[in-house]
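Listed below are the residues making up each chain.
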Amino acid sequence: PVSSRQPPAHQGPSTPTLKEMVRKRLMTDMLRGFEGGEMGSIMLVDKLTVRILSSAYKLSELLEENISLVENITAKDASGSYLGRQPMPAVSACYFITPTVESINRMVQDYKNASKAPMYGKCHIFMSGRLSDALFAKIKANNIIKYVATFKELNLEYVLQARGQTPLTPPPLA
């Protein structure tokens, strides 16, 4: 027979939810892990990390952390071309991206031309998961390496669901 007894109630401080732990991880390891400057910072995300970020934070909360703009570096228009972004070489960039070829290529492209100003100032790179050795070598071999101020792997490749929602499909990895 199946027991109808409930486990004893936990006494003391409550255990944090997964969403609270993700918020804390993003806050301590990413958002407060660098100085953005007077003009704030630009947060650059991709298809998956925009979902991770928006499942944990509202835009107004990011503004409070001196993130003045959030842009998706992998967004495309109806013809399949990447959307253009305004160069802001005086503003630091915070890249929160997945360690995929597409995202790394887009990030490296922002600093590609050594003869002119880069798209953004110094950059803080936060990977949602483990970066392969080949993609890490690509970053090191390009002009962007001169601008890297922070590099971390956060291991947060999942999207939080709102309470009561059941995910029908896992988040895409690429």
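Cut-offs applied
Residues numbered from 1 in each chain as written. Predicted model: local features only at pLDDT ≥ 70, side-chain atom pairs only at ≥ 80, totals over all residues. Heavy atoms only, no water. Helix = DSSP H or I, 4+ residues; strand = E, 2+ residues; numbered from the N terminus. Contact = heavy atoms within 4.5 Å. Expected span 1.5 Å × (residues − 1). Buried < 20%, exposed > 50% of the residue type's maximum accessible area, 1.4 Å probe, protein only. Arc of directions from axis to C-beta. Pairing = 2+ DSSP bridges. Axes fitted to C-alpha atoms, helices over the stretch in contact; angles between N-to-C directions.

**Digging into the environment of Ala93**
Consideration 1: Among the structural elements, Ala93 can be located in strand E3 (residues 92-97).
Consideration 2: When the C-alpha atoms of Ala93 and His124 are compared, they prove to be 6.1 Å apart, with 31 residues separating the residues in sequence.
Consideration 3: Residues in contact with Ala93, not counting those within four places in the same chain, are Ile42, Leu44, Tyr111, Tyr120, Lys122, Cys123 and His124.

**Structural notes on the side chain of Glu71**
Consideration 1: Residue position: Glu71 is located in strand E2 (residues 67-72).
Consideration 2: Not counting chain neighbours up to four residues away, the residues in contact with Glu71 comprise Met43, Leu44, Val45, Arg85 and Tyr120.

**So, helix H1 (residues 18-31)**
Consideration 1: When the terminal C-alpha atoms of H1 are compared, their 18 Å separation across 14 residues agrees well with the 20 Å that a helix rising 1.5 Å per residue should span.
Consideration 2: Residues Val22, Leu26, Met27, Met30 and Leu31 constitute the buried set of H1. Viewed along the axis of H1, the buried residues span an arc of 130 degrees, placing them on a single side of the element.
Consideration 3: Where H1 is buried, its residues touch strand E1 (41-45), helix H2 (47-56), helix H3 (59-64), E2, E3 and strand E4 (123-127).

**Describing the sheet that holds E4**
Consideration 1: Pairing within the open sheet is parallel, and its five strands lie in the order E2-E1-E3-E4-E5. The two strands at the open ends of the sheet, each matched to only one other strand, are E2 and strand E5 (148-153). Along the sheet, successive strands turn relative to each other by an average axial angle of 15 degrees, direction set aside.
Consideration 2: Note: E4 against E5, five bridges, orientation parallel. Residue pairing in the sheet places Ile125 in a bridge with Phe151 of E5.
Consideration 3: Against the sheet, H1 engages E1, E2, E3, E4 and E5, with an angle of about 140 degrees to E3.

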